[in-house]
Amino acid sequence: MLFLIVLRIGELIYARHNEKWLLQNGAVEYGQKHYPLIVGLHILFFVSLIIEYLVRETAPFSGLLLLLYLLLLALKVWVLATLGKFWNTKIYRIQHFPTVKKGPYRYIKHPNYLIVIGEIALIPLVFHLYFTAILFSVLNGFVLYIRIKEENRALAL
């Protein structure tokens, strides 16, 4: 759990660093209204993980699902490396920069969101935490529907 929390904090620090660069280069932020939903969802996800883990007596972790999660992390690194300074937890668009179409973006429009879907499902399943996996997969689906719609709108500008 500590590993996951440190990983998320690292992502937020990286996003904040990139945010400064984006804003210095004329980026405009989109989707501010739904961003608190994303933050709240992820905070509650970790709270639910911890509570369900402590309340339930679960079997040892699943090695196979842990391996799948580690593969997802490798894909996330690929996304981060591909987007570089453009990667962020918020939606930013710099008008004169073309949309990234290399790396995993050659194959799929929103690979990062597929990774998030996988993380929300796999992290609890590694520890047999089915309630958290199901509940937050459904909630994440609703939030991502809003998010992707907003991001597509920003990319079309």
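That block above? That's the structure.
All of the points below concern the structure found in this document. Only a predicted model underlies this, so the values are computations on that prediction, with no experimental measurement involved.

**Notes on the packing of helix α2 (residues 35–55) against helix α4 (residues 111–126)**
Two measures define how a pair of helices packs: the angle their axes make with one another and the distance between the axes. Relative to each other, α2 and α4 sit at 15°, their axes nearing to 10 Å. Relative to α4, the element α2 is oriented roughly parallel. Crossing handedness for the pair α2 and α4: left-handed. Residue-level inspection shows His-42, Phe-45 and Leu-49 of α2 in contact with α4, the latter providing Val-116, Glu-119, Ile-120, Ile-123 and Pro-124. For the contact of α2 with α4, a count of residues per class yields six nonpolar, one polar and one charged.

**What to know about α2**
Taking 1.5 Å of rise per residue, 21 residues should cover 30 Å, and α2 covers 30 Å from first to last C-alpha, within 8% of that figure. Inspection of α2 places Tyr-35, Ile-38, Leu-41, His-42, Phe-45, Phe-46, Ser-48, Leu-49 and Glu-52 among the buried residues, and these make up the whole buried set. On an axial view of α2, the arc spanned by its buried residues comes to 160°, and they lie on one face. Along α2, the residues that are exposed and aim more than 90 degrees away from the buried face are Pro-36, Ile-43, Leu-44, Leu-54 and Val-55. Those residues of α2 that are buried are in contact with α1 (2–24), α4 and α5 (130–155).

**Quick word on the pattern of salt bridges**
All told, the structure shown has eight salt bridges when counted by the stated rule. Note that Arg-16 is salt-bridged to Glu-19, the shortest N-O span being 3.4 Å. With Arg-16 and Glu-19 both in helix α1 and three residues apart, the pair spans about one turn of that helix. With a closest N to O distance of 3.0 Å, Lys-90 and Glu-19 form a salt bridge. Here Glu-19 lies in helix α1 and Lys-90 lies in the loop between α3 (63–83) and β2 (91–93), a separation of 71 residues in the sequence. Because the salt bridges share partners, they merge into one network encompassing Arg-8, Glu-11, Lys-76 and Glu-119.

**Some details on the nonpolar core**
The biggest cluster of nonpolar side chains holds 12 residues, and these are Leu-4, Leu-41, Phe-45, Phe-46, Leu-49, Tyr-69, Leu-73, Val-116, Ile-120, Ile-123, Leu-129 and Phe-136. At the level of secondary structure, the elements contributing two or more residues to this core comprise α2, α3 and α4. For this core, the element with the highest residue contribution is α2, accounting for four residues. Setting aside anything within four residues of it in sequence, one finds Phe-46 in contact with Met-1, Leu-4, Ile-5 and Arg-8. In this structure, Ala-15, Leu-72, Val-79 and Leu-122 belong to the second largest nonpolar core, which totals 10 residues.

**Observations regarding the packing of α1 against α3**
At a minimum axis distance of 14 Å, the contact between α1 and α3 shows a crossing angle of 10°. Here α3 runs roughly parallel to α1, going by the angle between their axes. Here Phe-3, Leu-4, Leu-7, Arg-8, Glu-11 and Tyr-14 of α1 come into contact with α3, specifically with Tyr-69, Leu-73, Lys-76 and Leu-80. Residue classes in the contact of α1 with α3 are distributed as seven nonpolar, no polar and three charged.

Thresholds, definitions, all that
- What you see as residue numbers is a count from 1 along each chain, following the sequence as written.
- Confidence filtering applies because this is a predicted model: local features only for residues at pLDDT of at least 70, side-chain atom pairs given and counted only at 80 or more, and all residues used for totals across whole chains, interfaces and linings.
- To obtain the side-chain values, all non-hydrogen atoms of the structure were used and water was disregarded.
- Under this scheme, a helix contributes an axis fitted over its contacting stretch, all axes are lines through C-alpha atoms, and angles between N-to-C directions fall in the 0 to 180 degree range.
- Helix numbers and strand numbers start at the N terminus; a helix is a DSSP run of H or I with at least 4 residues, a strand a run of E with at least 2.
- Between 65 and 115 degrees an angle is taken as roughly perpendicular, under 35 as roughly parallel, over 145 as roughly antiparallel, and anywhere else as oblique.
- The handedness criterion is simple: a crossing whose near helix is rotated anticlockwise from the far helix by less than a right angle is left-handed, and one whose near helix is rotated clockwise is right-handed.
- In this analysis, two residues are considered to be in contact whenever any of their non-hydrogen atoms come within 4.5 Å of each other.
- Asp, Glu, Lys and Arg are counted as charged, while Ala, Val, Leu, Ile, Met, Phe, Trp, Tyr, Cys and Pro are counted as nonpolar; the rest, among them Gly, fall into the polar class.
- One less than the residue count of a helix, multiplied by 1.5 Å, gives the span that helix is expected to have.
- For every residue, the accessible area obtained with a 1.4 Å probe (protein chains only) is divided by the maximum for its type, and the residue is called buried under 20%, exposed over 50%, and partly exposed between those limits.
- The directions considered for the arc are those from the helix axis to the C-beta atoms.
- What counts as a salt bridge is simple: a side-chain nitrogen of Lys or Arg found within 4 Å of a carboxyl oxygen of Asp or Glu.
- Side-chain atoms within 4.5 Å link the members of a nonpolar core, which is a set of buried Ala, Val, Leu, Ile, Met, Phe, Trp, Tyr and Cys residues.

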